[in-house]
Amino acid sequence: MSFLARVALTLGMLLVVHLPSFSFAQIPEGDIVIEFETVASGLTAPLGVTHAGDGSGRLFVYEQTSQIRIVDGGTLLPAPFLDISASLVAINPFFDERGLLGVAFHPDYATNGRFFVRYSSPRAGAPGEPCFGTSRGCHEEVLAEYSASPDPNVANPAGTILFRVDEPQFNHDGGQVAFGPDGFLYFSLGDGGGAHDGLADSPPSHGPIGNGQNIETALGAVLRIDVDSPPQTPLAYAIPSSNHFVGEPGKDEIYAYGFRNPYRFSFDDGPGGTGALFLADVGQNLFEEIDIVVAGGNYGWVIREGFSCFDPFDPQNPPAACPDTGPHGEPLIDPIADYSHAEGGISVIGGFVYRGSQGPSLVGKYVFGDFSATFGSPGGRLYFLEESDPSIRELQIGAFDDPYGLFLKGFGEDEDGELYVCGSTQLGAVGAGGIVQRIVVIEGPKIDIKPDSDVNSINPLSRGVIPVALLGTSGFDVADVDVTTLAFGPNGAPPAHKKGGHAGDVDDDGLDDLLSHYRTEESGIAFGDSEACVTGELLDGTPFEACDTIRTVPACGVGFELALLLPMLIGLHARRRRPHGL
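A. Layout of the nonpolar core. In this structure, Ile 68, Phe 81, Leu 82, Phe 115, Val 117, Phe 368 and Leu 382 are the most contacted members of the largest nonpolar core, which totals 65 residues. Leu 143, Phe 163, Ala 218 and Ala 221 belong to the second-largest nonpolar core, a separate cluster that totals 23 residues.

Given below as structure tokens:
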């Protein structure tokens, strides 16, 4: 009888059939194309990017090796905002999961100057602990509060420790810290490290049922505390009264549990967001998962890995049946998505739901990724899904779908909801191959048939002209257009004679647009609703097409007047076509 079956009998759990979701096809490519804009380079191991919410526009990049760095106005400032090296463990240069792991600024930072840091601190340990006597030694995970100084770019170096917990091994430390829409502070901790949640060790190093399923430990959980109310002695903080285990057995700080290594989570709290808590839980041998976390939820580790059952004594072969409830009869909550290591990589890295304004096609998508396909060479990947449709798709990088080519270390978000990706050429926290890049969605060109609300009769006898603006976007520069190839007409855009033309910012978005005029009698536009397109090539020969639906209506006198069927300046998503064979 397997270990999990024995636990099921001991705890009275209900056994259910839970078939493994094996699939060896690669995660499919999505239809969203991105490129990168470098904002900081020469770093060692950037794990994330955040902001202070103070209107300064500054980016705060936290390095695993001890420092929080500031990017201000596109420049990486030479002096760190904070350096906690005196409190930090010695990071193993080959690979380590400890370090400076997370930073969160208080929602009222602009007035109170408070921010919070998650890090790993050394401790002596004791004989018999799994970490004792190892090359990395023993450590504790810490949540500490820091404050601003009179210099806005340098924090006060002294912090106050709010929470600490001993770790049995060096890995699975979680690390995220963030304020939720409810104003409470959330942070995550892994199951303590090692493998199998310690259950295959002799004796079990994480206790008889592991830490993920143990509600009396902070490990393997997302915790929630109140840092604004008076502390509840002997704690340095208050416990929200709505936390699941307040007033009953279980650690009061626990918000949700049953996690292996919830390294990164985030809230969909931008404009139009649902407020959902997205969490990426790093798997063991086979599966990586994405969860939507709710209060009091049990997410299944070590009973499950992703959607599949898990046996710590045979981790490569998911059992066909496993408990459907936790130790106290609570239901286990499935992830919204998972993927196998054969499909998408070895370690999921959580990101953010995009709520920015520069990439409309990405709005509402949860952007995340995977660390790498192997530890041997950098091969990170970038993915997205939607809460309403959690099918995982891979982001296309550039016109030729380039590989990311780095170890993916983390993500970030600025005050405007724009997203950033952190990577490095190095597996460990060494060297200067770390880089932070802004994700730029290549939306392609758009068109406006009637810029500046010009009235344009298309009566063939009038020999009038139609002004057509090819609008530049954050991912499409009209300076790259070969203007000699431009053509305008109905769907398919047959050649039309161009009369004049100049560049300008037609839609006042700060980007150059290309304004051309076409003879009405040669436009090929028919009466009624039709699709009008501008086609052409970039200077490198790449073809493009931008279309919109228009309507021709009778004018007051003779001829017709051309008008947009859709609201002004809102073009349909441009179709960017690749040359044959690419």
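Having seen it, we continue.
B. Molecular detail of the packing of aromatic side chains. A complete count under the given rule lists 25 aromatic pairs for this structure. When the centroid spacing of 4.7 Å and the interplanar angle of 20° are considered together, the rings of Phe 278 and Tyr 366 count as stacked. Linking Phe 278 in strand S17 (residues 277-281) with Tyr 366 in strand S24 (residues 366-370), this pair joins segments that are 88 residues apart in sequence. Residue class for Phe 278 comes out buried when judged on its relative accessible area of 1%. Classification of Tyr 366 as buried rests on a relative accessible area of 1%. An aromatic cluster of at least three residues, connected via ring pairs, comprises Phe 60, Phe 81, Phe 105, Tyr 109, Phe 115 and Tyr 146. Residue placement shows Arg 136 over the ring face of Phe 170; its charged tip is 3.9 Å from the ring centre.

C. Main features of a negative patch on the surface. Residues Asp 477, Asp 480, Asp 512 and Asp 540 make up a contiguous surface patch of negative charge. For Asp 480, a relative accessible area of 38% gives the class partly exposed.

D. Looking closely at the state of the cysteines. Following the criterion strictly, the structure yields three disulfides and no others. Here Cys 309 connects covalently by a disulfide to Cys 322, the sulfurs 2.2 Å from one another. Because the sign of the S-S torsion sets the handedness, a value of about -70° for the bond joining Cys 309 and Cys 322 places this disulfide among the left-handed ones. Taken as a pair, Cys 309 in strand S20 (residues 308-309) and Cys 322 in strand S21 (residues 321-323) lie far apart in primary sequence, 13 residues in all. The class of Cys 309 is buried, set by a relative accessible area of 2%. The buried category is assigned to Cys 322, whose relative accessible area is 0%. There is a disulfide in this structure between Cys 533 and Cys 547, and the S-S distance comes to 2.1 Å.

E. Up close: the pattern of salt bridges. Evaluated as defined, the whole model comprises 17 salt bridges. Linking Arg 164 and Glu 140 is a salt bridge whose minimum nitrogen-to-oxygen distance equals 2.7 Å. In this pair, Arg 164 is assigned in strand S11 (residues 160-167) and Glu 140 in strand S10 (residues 138-147), connecting sequence segments 24 residues apart. Residue Arg 164 is classed as partly exposed on the basis of its relative accessible area of 48%. By sharing partners, the salt bridges in this structure join Glu 37, Glu 418 and Arg 438 into a single network.

F. Inspection of the sheet that holds strand S15 (residues 254-257) at higher detail. Across the sheet, which stays open at both edges, the four strands sit in the order S12-S13-S14-S15 with antiparallel pairing between neighbours. The two strands at the open ends of the sheet, each matched to only one other strand, are strand S12 (177-179) and S15. Direction aside, neighbouring strands of the sheet carry axes that sit 20° apart on average. Alignment of strand S14 (residues 221-225) against S15, held across three bridges, turns out to be antiparallel.

G. Layout of the pairing of strand S34 (residues 513-519). Across the seven residues of S34, five count as buried, placing the element largely inside the fold. Direction of pairing for strand S31 (residues 465-471) relative to S34: antiparallel, over a ladder of six bridges. Looking at S34, one finds that Val 465 is bridged to Arg 519. In this structure, strand S33 (residues 502-504) lies alongside S34, joined through three bridges in antiparallel fashion. Each residue of the ladder has a partner; that of Ala 503, found in S34, is Leu 514.

H. Representation of the pairing of S10 in the model. Of all ten residues that make up S10, nine are buried, and the element is covered over most of its length. Here ten bridges tie strand S9 (residues 114-123) to S10, and the two strands are oriented antiparallel to one another. From the neighbouring strand, Arg 123 faces S10, where its bridge partner is Cys 138. Relative to S11, S10 runs antiparallel, the two being bridged by seven bridges. Following the sheet pairing, Ala 144 is matched in S11 by Ile 161.

I. Structural detail: unusual backbone geometry. Ser 202 connects to Pro 203 through a cis peptide bond whose omega is -5°. Mapped onto the fold, Pro 203 is located in the loop between strand S13 (185-189) and S14. Geometrically, the link from Trp 301 to Val 302 is a cis peptide bond, its omega value of 20° lying close to zero. As for its position among the elements, Val 302 is in the loop between strand S18 (287-293) and strand S19 (304-305). In the Ramachandran plot, Ser 66 falls in the positive-phi region, its phi being about 135° despite a non-glycine side chain. Relative to the elements of secondary structure, Ser 66 occurs in the loop between strand S4 (59-63) and strand S5 (67-72). Phi at His 196 takes a positive value of approximately 60°, unusual for a residue other than glycine.

Calculation criteria
Residues numbered from 1 in each chain as written. Predicted model: local features only at pLDDT ≥ 70, side-chain atom pairs only at ≥ 80, totals over all residues. Heavy atoms only, no water. Core = buried A, V, L, I, M, F, W, Y, C linked by side-chain atoms within 4.5 Å. Buried < 20%, exposed > 50% of the residue type's maximum accessible area, 1.4 Å probe, protein only. Phe/Tyr/Trp six-rings, centres within 6.5 Å; stacked < 30°, edge-to-face > 60°. Helix = DSSP H or I, 4+ residues; strand = E, 2+ residues; numbered from the N terminus. Lys NZ or Arg CZ within 6 Å of the ring centre and 35° of its normal. Patch = residues over 30% accessible without salt bridge, like charges linked within 9 Å, V, L, I, M, F, W, Y side chains within 5 Å. Areas by Shrake-Rupley, 256 points an atom, 1.4 Å probe, with all protein chains shown as cover. Salt bridge = Lys/Arg side-chain N within 4 Å of Asp/Glu carboxyl O. Lys, Arg positive; Asp, Glu negative; His and termini not counted. Charge placed at Lys NZ, Arg CZ, Asp CG, Glu CD. Disulfide = S-S within 2.5 Å. Pairing = 2+ DSSP bridges. Axes fitted to C-alpha atoms, helices over the stretch in contact; angles between N-to-C directions.

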